[in-house]
Protein chains: 2
Amino acid sequence: MNSDPLKSIKVGICGFGTVGGGTLSLIQTNGEEIARRLGRDITVSRIASRSLNVSEFATSGIHVGTDPFDVVNDPDVDIVVETLGGFEPAFEVVRQALANGKHVVTANKALIAERGNALFAVAKEKGVTLSFESSVAGGIPIIKALREGLAANKINWLAGIINGTGNFILTEMAEKQRQFDDVLRQAQELGYAEADPTFDVEGIDAAHKLTIMASIAFGIPLQFEKTYTEGISHIQPEDINYAQELGYRIKHLGIARISDKGIEMRVHPTLISRKRLLANVDGVGNAVLVNGNAVGSTLYSGPGAGAGATASAVVADIIDIGRHLVAGIAAPIVPALGYQRPHQDLSVMNIEDIESEYYLRITAKDVLGVMAKISRILQDYAISIEAIIQKEADSDSVPIVILTHSAVERQLNKAIAAIEELDDVVAAVTRIRVENFSD
Amino acid sequence: MNSDPLKSIKVGICGFGTVGGGTLSLIQTNGEEIARRLGRDITVSRIASRSLNVSEFATSGIHVGTDPFDVVNDPDVDIVVETLGGFEPAFEVVRQALANGKHVVTANKALIAERGNALFAVAKEKGVTLSFESSVAGGIPIIKALREGLAANKINWLAGIINGTGNFILTEMAEKQRQFDDVLRQAQELGYAEADPTFDVEGIDAAHKLTIMASIAFGIPLQFEKTYTEGISHIQPEDINYAQELGYRIKHLGIARISDKGIEMRVHPTLISRKRLLANVDGVGNAVLVNGNAVGSTLYSGPGAGAGATASAVVADIIDIGRHLVAGIAAPIVPALGYQRPHQDLSVMNIEDIESEYYLRITAKDVLGVMAKISRILQDYAISIEAIIQKEADSDSVPIVILTHSAVERQLNKAIAAIEELDDVVAAVTRIRVENFSD
């Protein structure tokens, strides 16, 4: 263990894309201030990347190479930063680093959400730290807030805008009355969205982050496979407009909640009151609203991506580990997922068992009696109506927008199926969940 | 040091008002969940208060008494919670507890801001922790965010709504077109404001909190006496309306900033763009916006007061200390004010040396040429005008509202003095600073 106060803390970086490069740059730019905080220098001593310009580092004193395992096996490296992304070789790189008794900082949300349980077990066995602040909401220190700042609370629920790409698209659609496909293309041109946007717009990336937050909030193992995921590609500008008319905005939220019925983990477009700060987080911004039984609701917002913001979180993790080393201890004082004794018996609910309010947009023929038929179906499934918007028809069909009171999703699904079977209903029903957060 | 894993961590509470009572209640209510996180039980073993109903605790196993020094000198107490408020006997209680080798958690912002330097020195010498998360922004873990979450950044500036009473008053004035005095009376009836509201509405409470945040943000000693403080009692509903017309809201902000010219620490009413989330934090809510050179701007908002919110932060501090004890270490791994090697040579600027944009409301006779005279004075002091509102006169005098570009405050003060000397200007000029935060 590096506890010599005169020796700098040595960092090895695996993967040198946006985040890896940002990490090196930040350690160099803010090195003096960081050393004042930490009481020790931090030095990047080794980098592994397949796309590195070696000559650039000729006089830097940094060993550069292509094999991340050279970093992991370097006895001089105290902390390994994993910014390779994906599962292979990232999993084995992190596992091997931990097994070698090194601390690891990763920005890899997929790795933590899907294979974190195994990695945290290795870290615990070896008495080292595996940190991942940068994996959720970029530069916003939300992991620290959940794991430490709010540790006195039972967390009731949390809800987050945790994918900047999706939020950029929904913001543009709302502000400029644009179509999803059109904005997506622009997001790709701006570099906000990948060539294959599935990960972002179908909610997989957000589900990774939600899985991690839920695990810390409720003290449960990571269970990515149980997180319900629904994307935003089916949202139409008219839904955004109707929502606005009803006093709501549509955001792509990750929601986790605990109740007597179990744990909810779900990512989907959601109507939220435009009076909420969360509804006013626009563009590529991220924000997480957390409700605890003592504190009530607190909000954390800021940039969820970008080299500087992500590196801010990576280097904060490095400083955290460094502060342990300066104090002469290796094992982290805070457990990776926040609990010394996690709950083993809390089950994640099926999406059909959740209760929610709903926004429905039904496209029907402009004929007498259709509204009566729809009302009867909703009544049959014990779903009561809170508000209706029915406009003049400007074609053969007319949109009927309904806001329901709280209902069980299984019942709502049956009602939707019945409505879609009506002869007068001419298109699939659009269904968007509504959240009126109870404080 | 209490490092026996079977022994619970013993807490003694000095002062049993809202916060002290909330702390006991929270430890009891969430005890099981907290023990799961911490790996050890937390027990309140002793309480000292002059207004305690002893019989209430007869079967509780808690020693109750009137003398806080009995808590401080109890060898069985690991952590002393100080919620007495004020300076005497709070200072001596905390000092003695630290000198006895006990950890201390305090919610006392005045004590930390005005006498913290001496107390932190004792804590450091004794290798114990003095925590104060609850002293700033209630339940929002802003101290942890500044000291740890954002530790990789050079903080450029921060700005906070950090007094709920003042924010409630300004919100009511804005939403309901009410007068300051009228809303203040209501706030007193609701228990949001003290009988003597000076502390809140004149910005002293906010200045205490700002002093603490600035110290952590920039790594400087606590310097409350150098914090500029201006209250909100002179704000008129018409100022709020003109601000609105110009696209701004008026908030009572604590602002800290660092530049080549030095450090700014100032509390005053401020116009901020209504597009900012910060401008939309209403009622008794608190929020702090922090700009770091790597992460950019992150916002932290939530309840700034109340038994539950404040206790949430007090007990988070207790858990933090508990996690050190569980790990077998006493001294905190994070320095109290975030820096192992603070800056000793950074000076705090005089308010007259700051640069800002300004809102001016001038009351002038409705005569020809007055605007020309005002413009000439501003020009003489190199102050350029960004916007003007001049309405029809509905009496002999007419309000002229001016938004300036950035100017040095000393120059602006001279210009205001010259304007007030004009024969046609019939009342003191209202001056409110404007912040257009640079991200």
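Predicted model, so just to flag it, every value in this text is computed and none were measured.

Sorry if this is basic, but what is going on with the relation of the copies chain A and chain B here?
Related by rotation about an axis and a shift along that axis, the two copies of the chain form a pair. When chain A is fitted onto chain B, the two copies agree to an RMSD of 0.0 Å after a turn of 180° and an axial shift of 0.0 Å. Taken together, the turn and the small shift mark the pair as related by a two-fold rotation axis. For chain A, the minimum C-alpha distance to the rotation axis belongs to Tyr300 of chain A and amounts to 2.4 Å. Both copies contact each other with a shared surface, as 98% of the interface residues of chain A are interface residues in chain B too.

Quick question: what am I supposed to make of the domain arrangement of chain A here?
Frequently, the measure chosen for interface size is the accessible area removed from exposure when the parts meet. Residue and element names in this part refer to chain A. What the domain assignment reports for chain A is domain 1 (9–139 + 307–326), domain 2 (144–303) and domain 3 (353–435). Averaged C-alpha coordinates put domain 2 and domain 3 at centres separated by 25 Å. Contacts between the two partners involve 16 residues from domain 2, matched on the other side by 13 residues from domain 3. Of all the secondary structure elements, the ones that give two or more residues to the side of domain 2 that touches domain 3 are helix H11 (237–245), strand S9 (248–259) and strand S10 (262–273). It is S10 that contributes the most residues to the side of domain 2 that touches domain 3, 6 residues altogether.

Mind showing me how you'd approach the interface of chain A and chain B here?
Of the residues lining the interface, 54 residues belong to chain A; the matching set on chain B comes to 53 residues. Elements supplying a minimum of two residues to the side of chain A that touches chain B: helix H2 (31–38), helix H6 (142–149), strand S12 (296–303) and helix H12 (307–326) of chain A. With 10 residues, the top contributor of residues to the side of chain A that touches chain B is H12 of chain A. Grouping the constituent residues of the side of chain A that touches chain B by class yields 26 nonpolar, 19 polar and 9 charged. Relative to strand S12 (residues 296–303) of chain B, S12 of chain A runs antiparallel, the two being bridged by 3 bridges. Counterpart to Leu299 of chain A in the pairing with S12 of chain B is Ser301 of chain B.

Looking at this model, I keep getting lost on the nonpolar core. Mind explaining?
Considering soluble globular proteins, one finds that nonpolar side chains tend to be buried as a cluster. Residues Met213 of chain A together with Met213 of chain B are the most contacted members of the largest nonpolar core, which totals 296 residues. Residues contacting Met213 of chain B, with those up to four places away along its chain left out, are Val136, Ile142, Leu146, Leu158, Gly160 and Ala256 of chain B.

Looking at this model, I keep getting lost on the packing of helix H7 (residues 164–176) of chain B against helix H8 (residues 180–189) of chain B. Mind explaining?
A pair of packed helices can be characterised by two numbers: the angle between their axes and the separation between those axes. Residues and elements named next belong to chain B. Put simply, H7 and H8 touch, their axes get as near as 9 Å, and they point 130° apart. The angle between the axes of H7 and H8 places the two elements in the oblique class. Crossing hand, H7 versus H8: right-handed. The residues of H8 that touch H7, namely those facing Thr165, Phe168, Ile169, Glu172 and Met173, are Phe180, Val183, Leu184 and Ala187. Considered class by class, the residues forming the contact of H7 with H8 number 7 nonpolar, 1 polar and 1 charged.

Is there a simple way to think about the confidence of the model for chain A in this case?
A low pLDDT score tells you not to read the predicted coordinates there in detail. Mean pLDDT over chain A stands at 95; residues scoring 70 or higher make up 98%. In the predicted complex, the global pTM is 0.97; the interface-specific ipTM is 0.96.

How should the sheet that holds strand S1 (residues 9–14) of chain B be read in this particular structure?
What holds strands together in a sheet is hydrogen bonding between their backbones, with the strands either parallel or antiparallel. All names here are of chain B. What the 6 strands build is an open sheet, ordered S3-S2-S1-S4-S5-S6; its pairing is parallel. The open sheet has two free edges, formed respectively by strand S3 (63–65) and strand S6 (130–131), since each of these has just one partner strand. Bridging between S1 and strand S2 (residues 42–48) involves 6 bridges; their strand directions are parallel. Paired with Val11 across the bridge in S2 is Val44. Strand contacts of helix H1 (residues 18–29): S1, S2 and strand S4 (79–82), with the helix running at about 155° to S1, the strand carrying the most contacts.

Would you mind showing me how to read helix H13 (residues 370–380) of chain A here?
Note on helix geometry: an α-helix contains 3.6 residues per turn, so any two residues three or four positions apart are oriented the same way. Residues and elements named next belong to chain A. Of all the positions in H13, only Val370, Ile374 and Leu378 are classed as buried. The buried side chains of H13 occupy one side of the element, clustering within an arc of 70° when seen end-on. Opposite the buried face of H13, by more than 90 degrees, sit the exposed residues Ala372, Arg376, Gln379 and Asp380.

Sorry, what's going on with helix H8 (residues 180–190) of chain A here?
Residues and elements named next belong to chain A. For H8, the full list of buried residues reads Val183, Leu184 and Ala187. Viewed end-on, H8 has its buried residues packed into an arc of 105°, placing them on one side of the element. H8 presents Asp181 and Glu189 as exposed residues on the side facing more than 90 degrees away from its buried surface. Against helix H7 (164–176) and helix H9 (198–201) lie the buried residues of H8. Where H8 ends, the next residue or the one after it, Gly191, has phi of about 85°, a positive value.

How should the sheet that holds strand S4 (residues 79–82) of chain A be read in this particular structure?
All names here are of chain A. Read from one edge of the open sheet, 6 strands run S3-S2-S1-S4-S5-S6, paired in parallel fashion. Each edge of the sheet is formed by a strand with only one pairing partner; in this case those strands are strand S3 (63–65) and strand S6 (130–131). Contacts between H12 and the sheet are confined to strand S1 (9–14), strand S2 (42–48), S4, strand S5 (103–106) and S6, with S5 contributing the most and set at about 160° to the helix.

What should I look at first to understand the pairing of strand S10 (residues 262–273) of chain B in this one?
Moving residue by residue along a regular strand, the side chains alternate between the two faces of the sheet. All names here are of chain B. Taking burial as the measure, the 12 residues of S10 include 10 buried ones, the bulk of the element. As defined by bridge partners, strand S8 (residues 228–229) adjoins S10 across 2 bridges and the pair is classed as parallel. Bridging from a neighbouring strand, Thr229 pairs with Val267 of S10. The turn joining strand S9 (residues 248–259) and S10, which pair antiparallel and follow one another in sequence, is formed by 2 residues. When S10 meets strand S17 (residues 430–435), the two strands line up parallel, connected through 3 bridges. Its bridge partner lying in S17, Leu271 is registered against Val434.

What am I meant to see in the packing of H13 of chain A against helix H14 (residues 409–421) of chain A here?
Residues and elements named next belong to chain A. Close contact between H13 and H14 brings their axes to 9 Å; oriented N to C, the two are set at 155°. The orientation of H13 relative to H14 falls into the category roughly antiparallel. Crossing of H13 against H14: the hand is right-handed. Of the residues in H14, those touching H13 at Ile374, Ile377 and Leu378 are Ala415, Ala418 and Ile419. For the contact of H13 with H14, the class distribution of residues is 6 nonpolar, no polar and no charged.

In this structure, what is going on with the environment of His324 of chain A? I would like to understand it.
Of note, His324 of chain A is situated in helix H12. On the basis of neighbour counts, which here come to 22 C-beta atoms within 10 Å, the residue His324 of chain A falls in the buried class. For His324 of chain A and Ile161 of chain A, which are 163 residues apart along the polypeptide, the C-alpha to C-alpha distance reads 32 Å. Each residue touching His324 of chain A, except ones within four places of it in the same chain, is listed here: Ile329, Ala330 and Pro332 of chain A together with Ile333 of chain B.

Parameters and conventions
Residues numbered from 1 in each chain as written. Chains lettered and ligands numbered in written order. Predicted model: local features only at pLDDT ≥ 70, side-chain atom pairs only at ≥ 80, totals over all residues. Least-squares fit on C-alpha atoms with pLDDT ≥ 70 in both. Contact = placed C-beta atoms within 7 Å. Domains from an automatic or database assignment. Helix = DSSP H or I, 4+ residues; strand = E, 2+ residues; numbered from the N terminus. Nonpolar A, V, L, I, M, F, W, Y, C, P; charged D, E, K, R; others polar. Pairing = 2+ DSSP bridges. Core = buried A, V, L, I, M, F, W, Y, C linked by C-beta atoms within 7 Å. Buried ≥ 20, exposed ≤ 12 C-beta atoms within 10 Å, placed from the backbone. Axes fitted to C-alpha atoms, helices over the stretch in contact; angles between N-to-C directions. Parallel < 35°, antiparallel > 145°, perpendicular 65-115°, else oblique. Left-handed = near helix turned anticlockwise from the far one by under 90°. pLDDT = per-residue confidence, 0-100. Arc of directions from axis to C-beta.

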